[in-house]
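# Report on the structure
Single-letter residue listing:
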Amino acid sequence: QVQLVESGGGVVQFGGSLRLSCAASGFTFSLYSMSWYRQAPGKERELVATITGAGGRTNYADSVKGRFTISRDNAKNTMYLQMASLKPEDTAVYYCTVKLRNTYWGQGTQVTVSS
C-alpha cells in the first residue's frame, strides 16, 4: 500500500535552516508529481511546493519562494524540502502528499521556528 513518511522536523531559531524528507513506497515514485503542504494552528492546510516526477519543474507558494527548495531523489524514492531563512510564521505541521487515483498524505512532521 502507499506509504509516505516525513521526517526532519524540529525546533529551530529564527533565520535557521531545516531539511525535511519524505520517504515514499507502494507506487512508482518517479512517475508522479509530489507536493509539500503545511498547516499552522487554526489555519487551513496550504500548498508549499510541488515537484514533477522527473524533478524538472517546481512551483512554490509566494510565501516561501527564494527560501525553500523542493527536490527529489528517484533512486531513493525520497522527496526533500530544504528550508532556509526560517521565520516564526513558517511554524506548522508539514505534510508530503501524492495524488494517484486517491490522494495520499503522510503523518506530518512538526516544524517550530522560535523568535
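This section reports on the structure supplied with the text. Quantities reported herein were computed from a predicted structural model and do not represent experimental measurements. (Residues numbered from 1 in each chain as written. Predicted model: local features only at pLDDT ≥ 70, side-chain atom pairs only at ≥ 80, totals over all residues. Heavy atoms only, no water.)

Take the pairing of strand β5 (residues 46-51) next. Sheet topology places strand β4 (residues 34-39) next to β5; 5 bridges connect them, and they run antiparallel. Within β5, the position partnered with M34 by the bridge is I51. As consecutive antiparallel partners, β4 and β5 are separated by 6 residues, and within that stretch G42 has a phi angle of approximately 75 degrees, a positive value. Bridge analysis of β5 against strand β6 (residues 58-60) gives 3 bridges, and the strand direction is antiparallel. For A49, the partnering residue across the bridge sits in β6 and is Y60. What sits between β5 and β6 in their antiparallel hairpin is a turn of 6 residues, with G55 showing a positive phi close to 85 degrees. (Pairing = 2+ DSSP bridges. Helix = DSSP H or I, 4+ residues; strand = E, 2+ residues; numbered from the N terminus.)

Enumeration over the complete set of coordinates arrives at 1 disulfide. The disulfide bridge from C22 ends at C96, spanning 2.1 Å between sulfur atoms. Across the disulfide from C22 to C96, rotation about the S-S bond amounts to roughly 60 degrees, and the bridge is consequently right-handed. One end of the pair, C22, is in strand β3 (residues 18-25); the other, C96, is in strand β9 (residues 92-99), with 74 residues separating them in the sequence. When sorted by exposure, C22 lands in the same class as C96, which is buried. (Disulfide = S-S within 2.5 Å. Buried < 20%, exposed > 50% of the residue type's maximum accessible area, 1.4 Å probe, protein only.)

Time to look at the sheet that holds strand β8 (residues 78-83). Overall, antiparallel pairing links the 4 strands, which are arranged β1-β3-β8-β7 in an open sheet. Of all the strands in the sheet, the pair left with one neighbour each is β1 (3-7) and β7 (68-73). Here the average twist between neighbouring strands, direction ignored, is 15 degrees. Strand direction decides the pairing type here: β3 and β8, joined by 6 bridges, are antiparallel. Across the sheet, residue A23 finds its bridge partner in β8, namely T78. (Axes fitted to C-alpha atoms, helices over the stretch in contact; angles between N-to-C directions.)

Turning our attention to the packing of aromatic side chains. Scanning the entire structure with this criterion turns up 4 aromatic pairs. Measuring from ring centre to ring centre gives 6.2 Å for F27 and F29, while their planes differ by 50 degrees; the resulting arrangement is tilted. With respect to class, F27 is no different from F29; both count as buried. Aromatic pair F27 and Y32: ring centres 5.9 Å apart, planes at 75 degrees, arrangement edge-to-face. What makes F27 buried here is its relative accessible area of 13%. Here Y32 falls in the partly exposed class, since its relative accessible area comes to 30%. One Lys or Arg, R45, reaches over the ring of Y95 and ends 3.9 Å from the middle of that ring. Sitting over the ring of W105, R45 keeps its end group 4.5 Å from the ring centre. (Phe/Tyr/Trp six-rings, centres within 6.5 Å; stacked < 30°, edge-to-face > 60°. Lys NZ or Arg CZ within 6 Å of the ring centre and 35° of its normal.)

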